[in-house]
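# Chain and residue survey
The residues making up each chain are set out below.
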Amino acid sequence: MQNSFLFVPGDRPERFGKAFQSGAHRVILDLEDAVAPEHKAVARSAVRAFLASEKDCVVRINGVDSAWFASDLEMLRDMQPAAVMLPKAESCEMVAELVAGVDESVPVIALIETAQGLASCRTLLRSPQVMRLAFGSVDFMSDLDILDDDQGLLLARSELVLASRLAGRAGPIDGVTLALDDDAMLEADVARARQLGFSGKLCIHPRQIPIVNAGFLPDPAEVEWARRVLEASSAPGSAGAIRVDGKLVDRPVIERAARLVAASRAPGGGG
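Nothing here was measured: the structure is a model prediction, and the numbers come from that model.

## Quick word on the packing of helix α2 (residues 40-51) against helix α3 (residues 69-76)
Packed helix pairs are characterised by how far apart their axes lie and by the angle those axes make with each other. Across the interface, α2 lies against α3 with an axial gap of 10 Å and an inter-helix angle of 20°. With respect to α3, the axis of α2 lies roughly parallel. The hand of the α2/α3 crossing is right-handed. Packed against α2, whose contacting residues are Arg44, Val47, Arg48 and Leu51, the element α3 presents Ser71, Asp72, Glu74, Met75 and Leu76 at the interface.

What follows is the structure in structure tokens.
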């Protein structure tokens, strides 16, 4: 599972290689917010040159309504990045316009940054190209005039998780933590995201990557519990509900235990 996503300004090609060495599960070459209007063309050229030899990355393009959208699509045509991130995603029509300009099979990460985007997130996931949702929490707060990035965003975060599950997609990617020097805040943000059902987080600096990666690892105590559940469920005469650690365990719990153990055995899973 890809848990950490690191933004890199598209007009800073000297940082591209360093980003790939940061331990991030996915590098996002950013043509949008991280690039000033006067540097858009330079960024586009730098990203295209990089994609000629390294395609295992995500490219965040400029929005559908921006002056740079068409040029971004033209640049990406035939370049085949791992995915394209669509900012301010609000409709299947936006996704269709993107894939028509790049490639019908290009995977899309829909970045939810507005009230309309949240209202449309279940519809967005009907587009087969939309592989995952991501939460642009900072812009979302601005759009709705929300001041609290914790409880104030609980409904939005829960809706993204629910929509992803109903569509059979991986858990969504949570928004950035702006405090670069506050490890405790980042750890708390990652813990909250995981508790709510997110399976990844956007990052804006390489120093955030180790904390994000560690925060999404299966908890060792949980993995041990899951192994006990699987052992008990496979014992002779264990059909139906069983007891583990004095608690009743039924089929959904056994299935969750199996997922936890599988995740712990995956590369980087810690088990």
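What follows picks up the thread again.
## Brief notes about the packing of aromatic side chains
As enumerated under the stated definition, the model contains 3 aromatic pairs in all. Aromatic pair Phe16 and Phe50: ring centres 5.1 Å apart, planes at 75°, arrangement edge-to-face. Taken together, the positions of Phe16 in helix α1 (residues 16-20) and Phe50 in helix α2 put the pair 34 residues apart, joining distant regions of the chain. Each member of the pair, Phe16 as well as Phe50, carries the same accessibility label: buried. Arranged with centres 5.5 Å apart and planes meeting at 40°, the rings of Phe20 and Phe50 form a pair that is tilted. Placement of the pair is Phe20 in helix α1 and Phe50 in helix α2, with a sequence separation of 30 residues.

Reading the values: the criteria
Residues numbered from 1 in each chain as written. Predicted model: local features only at pLDDT ≥ 70, side-chain atom pairs only at ≥ 80, totals over all residues. Heavy atoms only, no water. Axes fitted to C-alpha atoms, helices over the stretch in contact; angles between N-to-C directions. Helix = DSSP H or I, 4+ residues; strand = E, 2+ residues; numbered from the N terminus. Parallel < 35°, antiparallel > 145°, perpendicular 65-115°, else oblique. Left-handed = near helix turned anticlockwise from the far one by under 90°. Contact = heavy atoms within 4.5 Å. Phe/Tyr/Trp six-rings, centres within 6.5 Å; stacked < 30°, edge-to-face > 60°. Buried < 20%, exposed > 50% of the residue type's maximum accessible area, 1.4 Å probe, protein only.

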